[in-house]
Amino acid sequence: MFQANLVPMIPRIEKKSFGTTQAGEPVHQFTLTNATGASATLIDYGATLTRLLVPDKNKQMGDVVLGFDDLRSYEDQSPYFGATVGRVANRIAHGLFAVDERRYAVPVNNGPHHLHGGFKGYDKRIWAADTAMAEGPSVRFTLLDPDGTEGYPGNVRVTVIFSLTHDNALKIQYFATTDKPTPINLTNHAYFNLKDGGQSDVLGHILQAHADFYTPADADLIPIGKIATVSGTPFDFTQPKSIGKDLQATDGPPKGYDHNLVLRSHGGSLSPAVTAYEPATGRRLEVWTTEPGVQLYTGNFLNGSIKGRNNSVYQQYHAFCVEAQHYPDSINHPKFPETVLHPGTVYRQITEYRFFVGEK
Ligand code: BGC
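Overview of the structure. (Residues numbered from 1 in each chain as written. Predicted model: local features only at pLDDT ≥ 70, side-chain atom pairs only at ≥ 80, totals over all residues. Heavy atoms only, no water.)

1. With respect to the overall build of the chain
Logical step 1: Looking only at helices and strands, the chain features 1 helix and 29 strands.
Logical step 2: Relative to a compact globule of 360 residues, whose C-alpha radius of gyration would be 21 Å, the chain shows 19 Å and is just as compact.
Logical step 3: Taken along the three principal axes of its C-alpha coordinates, the chain extends 60 × 50 × 40 Å.
Logical step 4: For the chain, the residues scored as buried account for 57% of the 360 residues in total.
Logical step 5: Long-range pairs, those at least 24 residues apart, make up 66% of the contacts in the chain with a sequence separation of at least 6. (Helix = DSSP H or I, 4+ residues; strand = E, 2+ residues; numbered from the N terminus. Rg over C-alpha atoms; globule rule 2.2 N^0.38 Å. Buried < 20%, exposed > 50% of the residue type's maximum accessible area, 1.4 Å probe, protein only. Contact = heavy atoms within 4.5 Å.)

2. A short note on the sheet that holds strand β18 (residues 211-215)
Logical step 1: Strand order in the open sheet made by the 5 strands is β19-β18-β21-β24-β27, with antiparallel pairing throughout. The sheet terminates laterally at β19 (228-229) and β27 (321-325), the two strands that pair on one side only.
Logical step 2: Two elements, β18 and β19, share 2 bridges in a ladder whose sense is antiparallel. The partner of Y214 across the bridge, within β19, is A228. (Pairing = 2+ DSSP bridges.)

3. Remarks on the pattern of salt bridges
It is possible for side chains of opposite charge to pair when their charged atoms get near one another.
Logical step 1: Scanning the model with the defined rule gives 15 salt bridges in all.
Logical step 2: Through salt bridges with shared partners, a single network forms among R51, D63, D69 and R309. (Salt bridge = Lys/Arg side-chain N within 4 Å of Asp/Glu carboxyl O.)

4. Quick word on the pairing of strand β22 (residues 271-278)
Logical step 1: Counting buried positions over the 8 residues of β22 gives 6, a clear majority of the element.
Logical step 2: The pairing of strand β17 (residues 206-209) with β22 spans 4 bridges and is antiparallel. By the bridge assignment, Q208 is partnered in β22 with T275.
Logical step 3: Alignment of β22 against strand β23 (residues 283-289), held across 7 bridges, turns out to be antiparallel. Paired with E278 across the bridge in β23 is R283.
Logical step 4: Where β22 folds back on β23, the antiparallel hairpin that results is connected by 4 residues, among which G282 adopts a positive phi of roughly 75°.

5. Notes on the nonpolar core
In a soluble, globular protein the nonpolar side chains are often hidden away together inside.
Logical step 1: Grouped together as the largest cluster of nonpolar side chains are 60 residues, with contacts concentrated most on L52, V158, F192, F320 and F355.
Logical step 2: Here this core takes 5 residues from strand β13 (residues 156-164), the largest share from any one element.
Logical step 3: Within the second largest apolar cluster, 16 residues are counted, among which are F18, I43, F68 and Y314. (Core = buried A, V, L, I, M, F, W, Y, C linked by side-chain atoms within 4.5 Å.)

6. Some details on empty space enclosed by the protein
Logical step 1: Enumeration over the complete set of coordinates arrives at 2 cavities of 30 Å³ or more.
Logical step 2: Along its surface, the largest cavity is lined by Y45, T48, Y74, S78, Y80, F81, A83, D123 and K124.
Logical step 3: Split into classes, the residues belonging to the lining of the largest cavity amount to 5 nonpolar, 2 polar and 2 charged.
Logical step 4: The computed volume of the second largest cavity comes to approximately 40 Å³. (1 Å grid on protein atoms, 1.4 Å probe; cavity = no way out; pocket = protein on both sides within 12 Å on 5 of 7 lines; lining within 4 Å. Points joined across faces, edges and corners; volume = space filled by probe spheres on them. Nonpolar A, V, L, I, M, F, W, Y, C, P; charged D, E, K, R; others polar.)

7. A short note on the site of the ligand
Logical step 1: Taken together, 13 residues form the shell around the ligand, and within it R91, H116, H189, D258 and E323 come nearest.
Logical step 2: The separation between an oxygen atom of the ligand and a polar side-chain atom of N90 is 3.1 Å.
Logical step 3: H116 places a polar side-chain atom, nitrogen or oxygen, 2.9 Å from an oxygen atom of the ligand.
Logical step 4: Its free accessible area being 310 Å², the ligand has 93% of it covered by the protein chains.
Logical step 5: Residues of the shell around the ligand, tallied by class, amount to 6 nonpolar, 4 polar and 3 charged. (Near = heavy atom within 4 Å. Polar contact = N/O pair within 3.5 Å; in protein donor to acceptor, adjacent residues only side chain to side chain. Areas by Shrake-Rupley, 256 points an atom, 1.4 Å probe, with all protein chains shown as cover.)

8. Concerning the sheet that holds strand β4 (residues 48-55)
Logical step 1: Spatially, β1-β2-β3-β4-β5 is the arrangement adopted by the 5 strands of the open sheet, whose pairing is antiparallel. The open sheet has two free edges, formed respectively by β1 (12-20) and β5 (61-63), since each of these has just one partner strand. If you compare each strand with its neighbour and ignore which way they point, the axes differ by 20° on average.
Logical step 2: One ladder, built from 7 bridges, connects β1 with strand β2 (residues 26-33); its direction is antiparallel. Residue pairing in the sheet places K15 in a bridge with F30 of β2. (Axes fitted to C-alpha atoms, helices over the stretch in contact; angles between N-to-C directions.)

9. Remarks on unusual backbone geometry
Logical step 1: The omega angle of the peptide bond from G252 to P253 is -15°, so this bond is cis rather than trans.
Logical step 2: As for its placement among the helices and strands, P253 is situated in the loop between β20 (241-242) and β21 (258-263).
Logical step 3: Here the amide bond leading from P253 into P254 is cis, since omega sits at -15°, within 30 degrees of zero.
Logical step 4: With respect to the helices and strands, the residue P254 is situated in the loop between β20 and β21.
Logical step 5: Of note, E150 is a non-glycine position whose phi angle comes to about 50°, a positive value.
Logical step 6: Within the fold, E150 resides in the loop between β12 (137-145) and β13.
Logical step 7: You will see that L221, though not glycine, has its phi angle at about 70°, which is positive.
Logical step 8: The topology assignment puts L221 in the loop between β18 and β19.
Logical step 9: Among the residues examined, L221 registers a relative accessible area of 18% and is labelled buried.

10. Some remarks on the packing of aromatic side chains
Logical step 1: Tallied over the full model, the rule gives 19 aromatic pairs.
Logical step 2: Arranged with centres 6.2 Å apart and planes meeting at 80°, the rings of F30 and F141 form a pair that is edge-to-face. Of this pair, F30 sits in strand β2 while F141 sits in strand β12, placing them 111 residues apart in sequence. F141 carries the same exposure label as F30, and that label is buried. (Phe/Tyr/Trp six-rings, centres within 6.5 Å; stacked < 30°, edge-to-face > 60°.)

Okay, here's the thing in structure tokens:
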């Protein structure tokens, strides 16, 4: 913990080694520090956000994301902490889909289903990285995802730019192109805990979502195809309420949120999605996105088996994720917003995690 500097600092970017993968590839860490002393640390393994230090009501900087200090843990046991997820985030039922009447099978790595891009998704690739001062200190990650990798069609070139703005927003811009039609759905899988970075549960965080509908899912978390009202369900966050208030009324096992909320904006323009406020520290997070949905996940599968930074034991509900994205299994639901990218068009999405102090 250190005191936020009241004298404006010069924004800076520090690059250093983050070790070597078990396959012998060097990994680097980039720390972006803005003029108020807030900082975001990312690694080129998985284009992963590993730390995010933002002020509380007493101007104390504290980490608000779960993560590890060593590469080995990211390789061996990370449940996507802070990672860039692709080529298709969340589940594809039975790993099967068709594009332009051609059928594809992608690996099943989550029971009988495909999850987060397969066994070696974007979270486990080494991305090329360069840095710049643009909208604050920034790091740009690029990846060539070759045709056929994890079963997906087309050579896809992906760029993800993380910028830490002067007003404490972590802005993530996504771009992609392809040479064959392919589904694509990118997200960031940061696990947030605005109180203490994951040492205690998030049940007392107050959440509000700009979502009047959600996509009900089956016991395997595959959407059943309906777009249902949140009214009268535990998924109603239209008025602020604590994460814990109705959590036990969700389906299970395990109980908790792991559901796609349909955003009122329906995507396209940068719009407010979810606000989270943590009363003890006064930290408030506003998530803004161009995406039509967010997967709200409350760390239901964390069970204390993972030890993170500062010897934290990450237990169930010690974090929440707001994964801005298209709806799960969209490729198999023609009524859901389109996820196929065609040659000659550019995939573009923006998600911002904006930090403030004080309840609005
Ligand atoms: C999924 C969860 C999964 C978690 C970690 C979330 O996006 O919806 O079901 O456990 O990611 O993989």
